[in-house]
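Fold and contact review
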Amino acid sequence: MDHRLFAPTPPMGWNSWDCYGAAVREEEIRGNAAYMAEHLLAFGWDTIVVDIQWSEPGAVSSHYRPFVPLVMDEYSRLMPAENRFPSAANGQGFKPLADYVHSLGLKFGIHIMRGIPRQAVHQNTALLGTSQRARDIASTNSICPWNTDMYGIDASKEGAAAYYNSLFELYASWGVDFVKVDDIAASRLYDAHLPEIALIQQAIQNCGRPMVLSLSPGPAPLEHAGFFTNHANMWRMTDDFWDHWHLLLDMFDRCEKWQGKSGNGCWPDCDMLPLGHIGIRSVDGGGADRWTRFTKDEQVTMMTLWSIFRSPLFFGGELRDNDEWTLNLITNRELIHMHQTSSNARLLRRSGHEIIWTADGEDGSRYVAFFNVGEQTSESTIDLGHYQWSYQKAYNVWSGESLDISDELVSGQVAAHGAALYKLT
């Protein structure tokens, strides 16, 4: 199975991290899934992801508790904590929860850390499909700098592939459609962990179930772009993204660096959208329980940049608390159409506070995004003839207005930190 067929367009979904940190519970997953099915599925949002620490019974926030016991089966594989995920009782794992998500017409995803649980190595527990044991495959000097759960795997050791195969056989039996693997695309201690990425990609192939593979955290090294393209569907261009303007401004540089590397089932990832009600139990990003700190103009900028660049879109807030503004922001049909169908996104012009991106639409149409990263309202103009463009109509994707054009396209007044997006036909 060609892994690029697993994500022919950039994935769209919800992830529990921005609102619940490491401590999400089953009823919250089910509630957000039900909301997505009712309000968002018709617009293309279709994946529900349980983020980190689902095997830890005592997780309370986004702060990791060091060296705590995790729920694990006899073959060194982490299992959902039943106090947080009651349907996982009797060894059922995430299958009942995945079955519920699937019953809504949605896809089910999980987060894992690369490697093998340290507790498995210390206890030297068995591995499925091999006579080797946990200590035989662990690379105990390969650790995550911010989480104490795992040791890395020495991919050259006998039993290493069998261990990863056993993990993904388990996930396939649960019905997992999406796997976010962390501490693997970039590291504060090491380069990208390419041998483990290759083992994981092979394990997905071996398990027989299509699974989108998402690599975290970032910034993923640009020099490995070809490797990522051959082994994964998504990889993070950034470390964790939060609701700070300086991080959003920085994303323009990252998108410029990675332009031309998106498409054909492979999607450089700007990270989750910290929109709506976030920080409920997640205390990262310098905030607590809050509504997103992004202004409405900044939210439009973020949605416009992520969509024209064709980053995966994963909403981070508690969906059930969405107000009308937030729901409208993420259900703009023309914006999503651009995100799902456009091509050849590229920076057209950048000067001072003005940034302009363009992408090719279907049937000869074109998208043009004007961004104002300055502190004052401003206006931009494009001379269509300069680019040998010939269009008669411009549709304002955010306002819904259409206008006639001939030789130039004017952005209109764009607010500070704001954006305007046009479809030219």
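The notes below deal with the structure included here.

Here is what the cut-offs are and how they apply
Residues numbered from 1 in each chain as written. Predicted model: local features only at pLDDT ≥ 70, side-chain atom pairs only at ≥ 80, totals over all residues. Heavy atoms only, no water. Helix = DSSP H or I, 4+ residues; strand = E, 2+ residues; numbered from the N terminus. Polar contact = N/O pair within 3.5 Å; in protein donor to acceptor, adjacent residues only side chain to side chain. Contact = heavy atoms within 4.5 Å. Buried < 20%, exposed > 50% of the residue type's maximum accessible area, 1.4 Å probe, protein only. Pairing = 2+ DSSP bridges. Salt bridge = Lys/Arg side-chain N within 4 Å of Asp/Glu carboxyl O.

1. Things to note about the side chain of Ser142
- On the secondary structure map, Ser142 appears in strand β5 (residues 138-144).
- A distance of 3.0 Å separates polar atoms of two side chains, one belonging to Ser142 and the other to Arg114.
- Excluding residues within four positions of it along the chain, Ser142 makes contact with Arg114, Tyr151, Gly152, Tyr190 and His193.

2. With respect to the pairing of strand β6 (residues 147-153)
- Most of β6 sits out of view: seven of its seven residues are buried.
- One ladder, built from two bridges, connects strand β4 (residues 116-117) with β6; its direction is antiparallel. Directly across from Ile116, in β6, lies its bridge partner Tyr151.
- Pairing between β5 and β6: four bridges, direction antiparallel.

3. Some thoughts on the pattern of salt bridges
- The full count for this structure, using the stated rule, is 27 salt bridges.
- For Glu28, the salt bridge goes to Arg281, with nearest N and O atoms at 2.7 Å. Highlighted residues: Glu28 in helix α2 (residues 26-40) and Arg281 in the loop between β11 (277-278) and β12 (290-291), separated in sequence by 253 residues. Both residues of the pair, Glu28 and Arg281, count as buried.
- Of the charged contacts in the structure, one is a salt bridge between Glu334 and Lys423, with a shortest N-O distance of 3.4 Å. Here Glu334, found in helix α12 (residues 333-341), pairs with Lys423, found in strand β21 (residues 418-424); they are 89 residues apart in sequence, far enough to count as distant. Assigned by exposure class, Glu334 and Lys423 land together as buried.

Any functional reading would require information beyond the geometric quantities listed.
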